[in-house]
Amino acid sequence: MTVDWAAVVDGTWPAARYMQLGPFLLREGQGGGSRVSAASRIGPVTPPDIDAAEAAMQAMGQKRIFCLRPGDEALNEMLAARGYDILDPVNIYACPVARLTDQPVPPVTVFTLWEPLAIMREIWAQGGIGPERLAVMERAPGPKTGLLLRHRDQPAGTGFVAIHDGTAMLHALEIVPAHRRQGLGRWAMRAAAFWALDNGAHTLSVICTKANTGANALYHSLGMERVGEYHYRQLV
């Protein structure tokens, strides 16, 4: 089964508005970060097309930023020639939900709930995930849930999971620094898998920057496979 990973990302972490301009799909992010603000290619590109996309992004009050996926090599070279810098190369990992539902999550370790509690919003805020990214979560059509992690009877982390076309994707996983290296990321992924199974998803996925060696190792250790990658180019 072939999964359209770009569609899963957009479906579970949506921009405020999408607009087609020539060979580009433009995203209006309203401060929600690169993922909901970058333009992506949907057809053959010429230099004037890039000029038009740049002008449109600036008109929205956004940075000039493009998302490059496999197959976008020609555009990648064109942007490099214009002085665009590479930003945040990422891996996409995925596995069948059954791979992570073979062990029960320990009691009172992870709760699934939506709307987010105040403590979840506080943990996200401490990790730099503010109101603009919370607005992205609110926009996701669902099914969706928040994860509240606990360790030693204390709130220890949070995350967000949404489903698009049978694939659940985990976003915004944030562990409180004092509770890191306690296996909470592993339990968060398993809790997400159980929730995904209960809500009709067959696949669990997650996005991770290539520079985050710890997270990449975690997903590998869980038996998740790298199924995609992309990076941004941004003109400062």
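Residues numbered from 1 in each chain as written. Predicted model: local features only at pLDDT ≥ 70, side-chain atom pairs only at ≥ 80, totals over all residues. Heavy atoms only, no water.

1. Digging into the pattern of salt bridges
- The full count for this structure, using the stated rule, is 11 salt bridges.
- Here D51 makes a salt bridge to R82, at a shortest N to O gap of 2.9 Å. With a gap of 31 residues between them, D51 in helix α2 (residues 47–59) and R82 in the loop between α3 (73–81) and β5 (85–96) connect regions that are remote in the sequence.
- Using a relative accessible area of 40% as the deciding quantity, one classes D51 as partly exposed.
- By relative accessible area, which is 30% here, R82 ends up partly exposed. (Salt bridge = Lys/Arg side-chain N within 4 Å of Asp/Glu carboxyl O. Helix = DSSP H or I, 4+ residues; strand = E, 2+ residues; numbered from the N terminus. Buried < 20%, exposed > 50% of the residue type's maximum accessible area, 1.4 Å probe, protein only.)

2. Comments concerning the side chain of N91
- Inspection of the secondary structure puts N91 in strand β5.
- Polar contacts involving the side chain of N91 include one to the side chain of N216, which spans 3.0 Å.
- Contact partners of N91, with chain neighbours within four places excluded, come to V206, I207, C208, K210, N216, R226, G228 and E229. (Polar contact = N/O pair within 3.5 Å; in protein donor to acceptor, adjacent residues only side chain to side chain. Contact = heavy atoms within 4.5 Å.)

3. Describing the packing of aromatic side chains
- This structure, assessed with the given rule, holds 6 aromatic pairs.
- Taken together, a centroid distance of 5.6 Å and an interplanar angle of 70 degrees make the contact between F66 and Y84 edge-to-face. Of this pair, F66 sits in strand β4 (residues 64–68) while Y84 is found in the loop between α3 and β5, placing the two residues 18 residues apart along the sequence. Each member of the pair F66 and Y84 is classed as buried. (Phe/Tyr/Trp six-rings, centres within 6.5 Å; stacked < 30°, edge-to-face > 60°.)

4. What to know about helix α4 (residues 118–126)
- If you check which residues of α4 are buried, you get M120, I123 and W124. The buried residues of α4 occupy one face: seen down the axis, they fall within an arc of 100 degrees. Relative to its buried face, α4 has exposed residues pointing more than 90 degrees away, namely A118 and Q126. (Arc of directions from axis to C-beta.)

5. Quick look at the nonpolar core
- Counting residues in each nonpolar core, the largest one holds 30 residues, and the members touching the most others are L147, M189, L204, Y219 and M224.
- Elements represented by at least two residues in this core include exactly β5, β7 (144–151), β8 (154–164), β9 (167–175), α6 (184–198), β10 (203–209) and α7 (213–221).
- Among the elements that take part in this core, α6 stands out by supplying 8 residues, more than any other.
- Of all hydrophobic cores here, the second largest spans 14 residues; its members include F24, V45, A53 and L68. (Core = buried A, V, L, I, M, F, W, Y, C linked by side-chain atoms within 4.5 Å.)

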